[in-house]
Amino acid sequence: MKEKKIYIGTDSVMNSMLSSIQEGIIKHQSNFFKVQKFTEDLVHNRTYVNCMFPSFPGRAWDRFFEGTYRVSKGENVPLWMDIVVTGRCHCNCWHCFRSSYKDNGDLEIEVIKRTIDEAYEAGTTVIGITGGEPMLRDDILDILKLIPDGMEGLFYTTGYKIDNSFAKKLSKTNVTRCLISLDHYDEKIVNTMRGYPKAYEMTMTAIKALKEANIYTGVTLCVTDDLCDREVFYKYINFVRELGADEIRVILPIPQGNLEGKNYKRLYINAMKWTREIHEKSLKNPNYPNILLFSQLESHNFIGCGAGYTYVTINNDGALTPCVCVPLTFGNVKEDGFISAYSKINSLFKGTGKTCYGKRVSKAMKEEIKDGMLAPYNEEVSKKIANKCIVNDGIAKFYDNLKNYEVKENDA
């Protein structure tokens, strides 16, 4: 049975947040969290801000702020990393960014283990396991068990084949949260948008199983014109609330893959306005799930777009890319190892971006990508594109706030 409570920046939550060897740093950053909605897991004795941040108290939470401090001092630290464990997928989603990828195979489990170990040493605290659809791998549980203490796993899935048995086993790993794609509350619309006749049914089964296993569960929603209607969106929120999901992650279309070359400027403007309004209202209503506006979280007023700087992806062929949605290659963990591959992009990503990197490079990609070229693109082409769009916007406020803070002895 799901046992969770929702709070909005109460003193007890803030005190729990500060129960850390990084108390001084966290206290300095506390203003960023006072207006957040928190979900307390009474079974596992931990609290979630959202799917992005590690839960607290815990070693991953401590390590996250160690890394945040290093970023504030000018270091490149991959606080977040996604690993595409397979390119295979049973769906054909309307917004899929992998539609032009050439390799749909699996990344070897030995490479995954080595990469996770090296990422831990580099400062990664939240590691996403994604695809394709990772549940298509027979050894997916073995992969999830590789995530060590001090690091928390985020599992991205469509819900494919997730049942009570799998969810129970998942709860015994360091995967502390799952994100499941859910485009709408209408079954026919979901199945059509996912290009799979049982997409809706599988999502419902998965959410129910994860809820029973007491795993923090969010749904990912990519905004469409239909959902820009407030009445429709509120109906979606209530639907998700009744399902018992903990979070709605709202993302905006990125002009990559199936959406490459398409103009969503009008949708962006409309969605940014009303989603922020709904987010503010949701903060005051503990009956609503947490609503995470990715565009707001990745604004320069919070953590910024961390592509290539505080966040990277390992593709299923081993290529290191700055973002799961951007098919530019900078080294390969199979040949270079993670640390070496990550160092190759340091001169191109000198801080957090003020805008989504996928949007930032879309024009340059149009200029450089020739017909017939398949993603991810080789290093030569990738560097040409990236050199036209070097990220040198400084660091977002979340890190900049610590720039003049000096760690005291009791913080270490």
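Each chain carries its own residue numbering, running from 1 in the direction its sequence is written. Reporting in this predicted model follows two pLDDT cut-offs: at least 70 for local features of residues, and 80 or more for side-chain atom pairs to be given and counted; totals over whole chains, interfaces and linings ignore these cut-offs and use all residues. Water and hydrogen atoms were dropped before computing side-chain values, which therefore reflect all heavy atoms in the structure.

The protein chain carries the name Radical SAM protein in an unreviewed UniProt entry, which gives Haliovirga abyssi as its organism.

Looking now at the sheet that holds strand β5 (residues 126–130). When DSSP finds two or more bridges between a pair of strands, those strands are recorded as paired. Counting from the N terminus, the helices are DSSP H or I runs at least four residues long and the strands are E runs at least two residues long. Pairing is mixed across the open sheet formed by nine strands, whose spatial order is β10-β9-β8-β7-β6-β5-β4-β11-β12. For this open sheet the edge positions go to β10 (290–293) and β12 (320–321), each flanked by a neighbour on one side alone. As paired elements, strand β7 (residues 175–181) and strand β8 (residues 216–222) share five bridges and run parallel to each other. Bridged to Arg177 within β8 is Tyr216. The contact criterion used throughout is that any non-hydrogen atoms of two residues lie within 4.5 Å. Only the contacting stretch of a helix is used when fitting its axis, a line to C-alpha atoms as for every element, and angles between N-to-C directions run 0 to 180 degrees. Contacting β4 (80–84), β5 and β11 (311–314), helix α4 (residues 109–122) runs over the sheet at an angle of about 175 degrees to β4.

What follows concerns α4. A helix is expected to span 1.5 Å multiplied by its residue count minus one. Between its first and last C-alpha atoms α4 spans 20 Å; for 14 residues at 1.5 Å apiece the expected length is 20 Å, and the two agree. Burial classes: relative accessible area under 20% of the type maximum marks a residue as buried, over 50% as exposed, and values in between as partly exposed (1.4 Å probe, protein chains only). Listed in full, the buried residues belonging to α4 are Val111, Ile112, Thr115, Ile116, Ala119 and Ala122. Down the axis of α4, the sector holding all buried residues measures 130 degrees, keeping them to one side. Facing away from the buried surface of α4 by more than 90 degrees, the exposed residues are Glu110 and Glu121. Looking at the buried positions of α4, the neighbouring elements they touch are α3 (59–72), β4, β5, α5 (140–144), β11 and α12 (338–343). Looking one or two places after α4, you find Gly123, whose phi comes out positive at around 115 degrees. Read the arc as the range of directions from the helix axis to the C-beta atoms.

Attention now moves to the pairing of β10. By the alternation rule, side chains of β10 split into Asn290 and Leu292 and Ile291 and Leu293, which are all buried. Bridge count for strand β9 (residues 247–251) against β10 is four bridges, and the pairing is parallel. Bridging across to β10, Val250 finds its partner in Leu293.

Here the aromatic set is Phe, Tyr and Trp, taking the six-membered ring for Trp, and pairing holds for ring centres within 6.5 Å; pairs whose planes are under 30 degrees apart are stacked, those over 60 apart are edge-to-face, and all others are tilted. Taken as a whole and assessed by the stated rule, the structure comprises 26 aromatic pairs. Residues Phe33 and Phe65 carry aromatic rings whose centres are separated by 6.4 Å and whose planes lie at 65 degrees to one another, so their mutual orientation is edge-to-face. Of this pair, Phe33 sits in the loop between α2 (23–29) and β2 (37–41) while Phe65 is found in helix α3, placing the two residues 32 residues apart along the sequence. For the residue pair Phe33 and Phe65, the accessibility class agrees, reading buried in each case. Centre to centre, the rings of Phe53 and Trp80 are 6.4 Å apart; their planes meet at 70 degrees, and the pair counts as edge-to-face. Here Phe53, found in the loop between β3 (46–48) and α3, pairs with Trp80, found in strand β4; they are 27 residues apart in sequence, far enough to count as distant. Note on accessibility: Phe53 and Trp80 belong to one class, buried.

This brings us to the state of the cysteines. Put simply, a disulfide is two cysteine sulfurs that come within 2.5 Å. By the definition in use, this model includes zero disulfides. The thiol sulfur of Cys91 is not disulfide-bonded, and the nearest other cysteine sulfur, from Cys89, lies at 4.7 Å. Judged by its relative accessible area of 12%, Cys91 falls in the buried class.

Next up on the list: the pairing of β8. Where a strand is regular, its side chains alternate between the two sheet faces. In terms of burial, β8 is a largely internal element, seven of the seven residues being buried. Both faces of β8 are covered, namely the face carrying Tyr216, Gly218, Thr220 and Cys222 and the face carrying Thr217, Val219 and Leu221. Where β8 meets β9, five bridges bridge the pair, whose relative direction is parallel. Each bridged residue has a counterpart across the sheet, and for Val219 the counterpart in β9 is Ile248. After leaving β8, the chain enters helix α9 (residues 230–243) and then returns to the sheet as β9, a path that is right-handed. A crossover counts as right-handed when, viewed with the strands pointing away from the observer, the path leading from the first strand over the helix to the second turns clockwise.

Here a salt bridge means any side-chain nitrogen of Lys or Arg lying within 4 Å of a carboxyl oxygen belonging to Asp or Glu. Enumeration over the complete set of coordinates arrives at 18 salt bridges. Between Asp117 and Lys113 there is a salt bridge, and its shortest N-O distance comes to 2.9 Å. Within this pair, Asp117 and its partner Lys113 are both found in helix α4, separated by four residues, close to a single helical turn. On the basis of relative accessible area, Lys113 is assigned to the partly exposed category, the value being 41%. Put simply, Asp183 and Arg194 hold a salt bridge, and the shortest N to O gap is 2.6 Å. Residue Asp183 is found in the loop between β7 and α7 (187–194), and its partner Arg194 is found in helix α7; the two are separated by eleven residues along the sequence.

Residues three or four positions apart in an α-helix share a direction because the helix packs 3.6 residues into each turn. Spanning 14 residues, α9 covers 20 Å between terminal C-alpha atoms, matching the ideal 20 Å at 1.5 Å per step. Among the residues of α9, Val232, Phe233, Tyr236, Ile237, Phe239, Val240 and Leu243 are the ones counted as buried. One side of α9 carries all its buried residues, which in axial view fall inside an arc of 160 degrees. In α9, the exposed positions angled more than 90 degrees off the buried face are occupied by Glu231 and Glu242. N-capping of α9 is provided by Asp229, with a side-chain oxygen placed 2.9 Å from the backbone N of Glu231. Just downstream of α9, Gly244 is the residue with a positive phi angle, here 90 degrees. Nitrogen and oxygen atoms within 3.5 Å of one another constitute a polar contact, given that in protein one can donate a hydrogen and the other can accept it, and given that sequence-neighbouring residues count only through two side-chain atoms.

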